[in-house]
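This is what each chain is made of:
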Amino acid sequence: MVRVSGVPQDVARRLREGMARGVLSFPLTAFHDDGTLDPDGCRAHVAARLAAGPGALFPACGTGEFFSLDEDEYRQVVTIAVEEAAGRVPVVAGAGYGWAQAARFAAIAEEAGADALLVLPHYLVAAPQDGLVAQLEHLAARTRLPLIAYQRDQVAYTVDSLRRIAGIPNVIGLKDGHSDLDRLQRLTLAAPEGFLFFNGAATAEVQARAYTAVGVPAYSSAVHAFAPEIATAFRTALTAGDDDTADRLLRGFYVPFVELRDRTAGYAVSLVKAAARLRGARVGPVRAPLTDPGAADTAALKELLAAGLDLVGAAL
């Protein structure tokens, strides 16, 4: 089955082109030291991400601490991303919680000019497949924006559910954070032509080759938020089949980074933000319930980051 044409498919086309061109960038949300939003810091950080050539921009998602933003802050973050992107790359804003609250965020994102929404896993409860499908149906009925479903944690679609959500006119793709490649292969084979998939595993580069093998070469890159030189070098090596360079970056940076990330819950975000600060970015601290790394982990991160940058001929 070929998916129908229209606005969602125009966005899907732009995303597909972007995914072929560069990594998917998930910018951080900048806060002042007192925890209030820092719009100027957000703008500078987004501008720097765009200068590094991503395929698309995903503001106010997991790395951007969507879960800690109120609606006015969310509006500012998405608006800044849209203004800075200026149509050069698609802007896909995060939206989540139950469908009723997600629809409120969707309306804000639509007004701000976002191109699409990444539908983050719903809050707290486990749900049956019919409920997971209904969640997207309710949200899709309340926004004109194309939707990308995000399966991770308590959200995992079966093949039947994938077919059902792919039949919702403005659902255009799926981000996978489970790394269950058997399940993912079944989903990609069951999806209609043109349906988008991308690798959303934490530190996705570590599993990028495995995802590519099941037909999902595109991936999100948290490393792009603080070391686009490393992220770009790895993707270039991956797409060129340069296994020696890819392995060198995996051994010398990515795998040690994952080992450091796994020391503490929440480091998938707070370690990324700490690395951005080490490089002089004005992004500030994380918000509770996340915590910033202590002195020992920050020192280890600094040493690792310097080593990774040295591998690609860059400096801290």
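Preceding this paragraph is the structure being described.
Residues numbered from 1 in each chain as written. Predicted model: local features only at pLDDT ≥ 70, side-chain atom pairs only at ≥ 80, totals over all residues. Heavy atoms only, no water.

S.K.: Break down the packing of helix 6 (residues 159–166) against helix 7 (residues 181–190) for me, citing the residues and quoting the values.
M.R.: Close contact between helix 6 and helix 7 brings their axes to 9 Å; oriented N to C, the two are set at 40°. With respect to helix 7, the axis of helix 6 lies oblique. Viewed along their axes, helix 6 and helix 7 form a crossing whose handedness is right-handed. Packed against helix 6, whose contacting residues are Val159, Leu162 and Arg163, the element helix 7 presents Arg186, Leu187 and Ala190 at the interface. Its residues assigned to classes, the contact of helix 6 with helix 7 shows 4 nonpolar, no polar and 2 charged. (Axes fitted to C-alpha atoms, helices over the stretch in contact; angles between N-to-C directions. Helix = DSSP H or I, 4+ residues; strand = E, 2+ residues; numbered from the N terminus. Parallel < 35°, antiparallel > 145°, perpendicular 65-115°, else oblique. Left-handed = near helix turned anticlockwise from the far one by under 90°. Contact = heavy atoms within 4.5 Å. Nonpolar A, V, L, I, M, F, W, Y, C, P; charged D, E, K, R; others polar.)

S.K.: Explain the pattern of salt bridges to me, and be specific about the residues and the numbers.
M.R.: Taken as a whole and judged by the stated rule, the model has 20 salt bridges. Across the salt bridge formed by arginine 277 and aspartate 292, the nearest N and O atoms sit 3.4 Å from each other. With arginine 277 in helix 11 (residues 267–278) and aspartate 292 in the loop between helix 11 and helix 12 (295–311), the pair connects residues that are 15 residues apart, well separated along the chain. Overlapping salt bridges bring together Asp10, Arg13 and Glu17 as one network. (Salt bridge = Lys/Arg side-chain N within 4 Å of Asp/Glu carboxyl O.)

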